[in-house]
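# Secondary and tertiary structure notes
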Amino acid sequence: MPIVKEMTPFEAVTYEFDRACDRLKVSDEVRDIVRTPDREVRVEVPVRMDNGKIKVFIGYRVQHNSSRGPYKGGIRYHPEADVDEVKALAALMTYKTAVVGIPFGGAKGGVQCDPSTMSARELQKLTQGFTRAISYIIGPDRDIPAPDMGTNAQTMAWMMSEYAKAHGYSPGVVTGKPVELGGSLGREQATGRGVAIITAELAKDMGKPLRGATVAIQGFGNVGSWAAKFLYPMGAKIVAVTDVKGGVLNENGLDIDALSKHVSQTGSVAGFADADHIGNKELLELPCDILVPAALGGVINRGNAANVRAKIIVEAANHPVTPAADAILKDRGVLCVPDLLVNAGGVTVSYFEWAQNVQRFPWDLGRVNSELEEVLLKAYKNVYVRAKLDRVSYREAAFNIAVERVVRAIELQGLP
Ligand code: NAD
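Cut-off values and rules
Residues numbered from 1 in each chain as written. Predicted model: local features only at pLDDT ≥ 70, side-chain atom pairs only at ≥ 80, totals over all residues. Heavy atoms only, no water. Pairing = 2+ DSSP bridges. Helix = DSSP H or I, 4+ residues; strand = E, 2+ residues; numbered from the N terminus. Contact = heavy atoms within 4.5 Å. Salt bridge = Lys/Arg side-chain N within 4 Å of Asp/Glu carboxyl O. Buried < 20%, exposed > 50% of the residue type's maximum accessible area, 1.4 Å probe, protein only. Near = heavy atom within 4 Å. Polar contact = N/O pair within 3.5 Å; in protein donor to acceptor, adjacent residues only side chain to side chain. Areas by Shrake-Rupley, 256 points an atom, 1.4 Å probe, with all protein chains shown as cover. Nonpolar A, V, L, I, M, F, W, Y, C, P; charged D, E, K, R; others polar.

## Regarding the sheet that holds strand β9 (residues 276-277)
- Strand order in the open sheet made by the seven strands is β9-β8-β7-β6-β10-β11-β12, with mixed pairing throughout. At either end of the open sheet lies a strand with only one pairing partner, and these are β9 and β12 (335-337).
- When strand β11 (residues 310-314) meets β12, the two strands line up parallel, connected through three bridges. Counted as the bridge partner of Val-314 is Val-337 from β12.

Written out as structure tokens, the structure reads:
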């Protein structure tokens, strides 16, 4: 087993990128161009809180690469959002948009805050201030934010409205908006739907039915809850779900419709009747067929990879598995299906939303879902075939495809 040290999130993405460059024999000069983010912006956002006092928040927008199109990536509101993580997520977006072949580059934003403790007014003021602070670098043809952890369609509505004050009506400046404001039908469900599409296709290829397969999901927010809601009717037995407040386990399978109702009433999966309690640590180490991390990055790491007892990890979150853990899991025969592919449904429908905004022509839900499925299945097939051809893991195959496309776009435009 290769010795791989534990890395920061940006080091980890760079490590995967460098290894792809080694395999593809990319020159050192071009590597440097791609590896280094194009722009990193740090802003302060003072907000008058409900208690009358001013609090200063720190936000970031990192634009990693735009060789294949405008920068694209979510905005995260989280107490631990820091520049290293935002850089990592921005780089992942560059490779993700390339893997699924949509004409965007990669970016990400983050604000250090705890949205669960803030009122709607405070969140609105924070979002307006952050939008003003980055408004000169975003735009429908420059950089297009979207929701991520801690943000949602409402956040995007506030961003769009604040941007419009200086730049005029520009719905294409953000995606993941409410449908009433130009958002796409199907965007909210898209990442979870994509997780289910890829999982079902994988099961088919492996000759293992999804019906009856046991699944554990960490995170029951946008991605985790929709992944559960799509996997459940496909016959998957979802045995455990956790969120930041707790977790639930039922070895006979949780009733996801009833669990969703419980979450909308109480704000957490914790306390759901007809289930035992399970913690996050135990969930990651639960014996099951498929583990779906759908919350934070780095949750499967050197410390717990040897204890993971799932056969397959479907990476719905961004970089949930560190390179050190990846090496341990590979050695133990645990299959990892990479984030670049698994959670690309969100950015794919974001692309459809942007296209609808630019054309001022909304699509119906049937078109959104069928085109999403087409894009994801094509990307899945490319990764699957490339893994066999190059004799590499799915993660390495996804990086090979992505890096090849980004490097080609840079070279075609001419090196400095
Ligand atoms: P969200 O804020 O809607 O939900 C996050 C969930 O994770 C919540 O259930 C929360 O309780 C849980 N959580 C937070 N901290 C936790 C902890 N310490 N332990 C266990 N659970 C915890 O976020 P989301 O949009 O669902 O994003 C989840 C992941 O998916 C992130 O890694 C994000 O980058 C990635 N992702 C999201 C999208 C999207 O379209 N929203 C697209 C691609 C990737």
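The discussion continues.
## Quick word on the side chain of Glu-285
- Here Glu-285 lies in the loop between α9 (280-284) and β10 (288-293).
- Apart from the residues within four sequence positions on either side, Glu-285 is in contact with Asn-304, Asn-307, Val-308 and Arg-309.

## Overview of the pattern of salt bridges
- Per the stated rule, a full pass over the model turns up 25 salt bridges.
- Glu-315 serves as the salt-bridge partner of Arg-395, at 2.6 Å between the closest nitrogen and oxygen. Residue Arg-395 is found in helix α14 (residues 394-413), and its partner Glu-315 is found in the loop between β11 and α10 (323-331); the two are separated by 80 residues along the sequence. Neither residue differs from the other here; Arg-395 and Glu-315 are each classed as buried.

## Here's the deal with the site of the ligand
- Lining the immediate surroundings of the ligand are 22 residues, of which Arg-76, Asp-148, Thr-191, Ala-295 and Asn-318 lie closest.
- The backbone of Val-244 places a nitrogen or oxygen atom 3.0 Å from an oxygen atom of the ligand.
- Residue Ala-295 places a main-chain N or O atom 2.8 Å away from an oxygen atom belonging to the ligand.
- Against a free-state accessible area of 830 Å², the protein chains account for coverage of 84% of the ligand.
- Secondary structure elements with two or more residues in the shell around the ligand: α6 (187-206) and α7 (222-231).
- When the residues that make up the shell around the ligand are grouped by side-chain class, the tally is nine nonpolar, nine polar and four charged.

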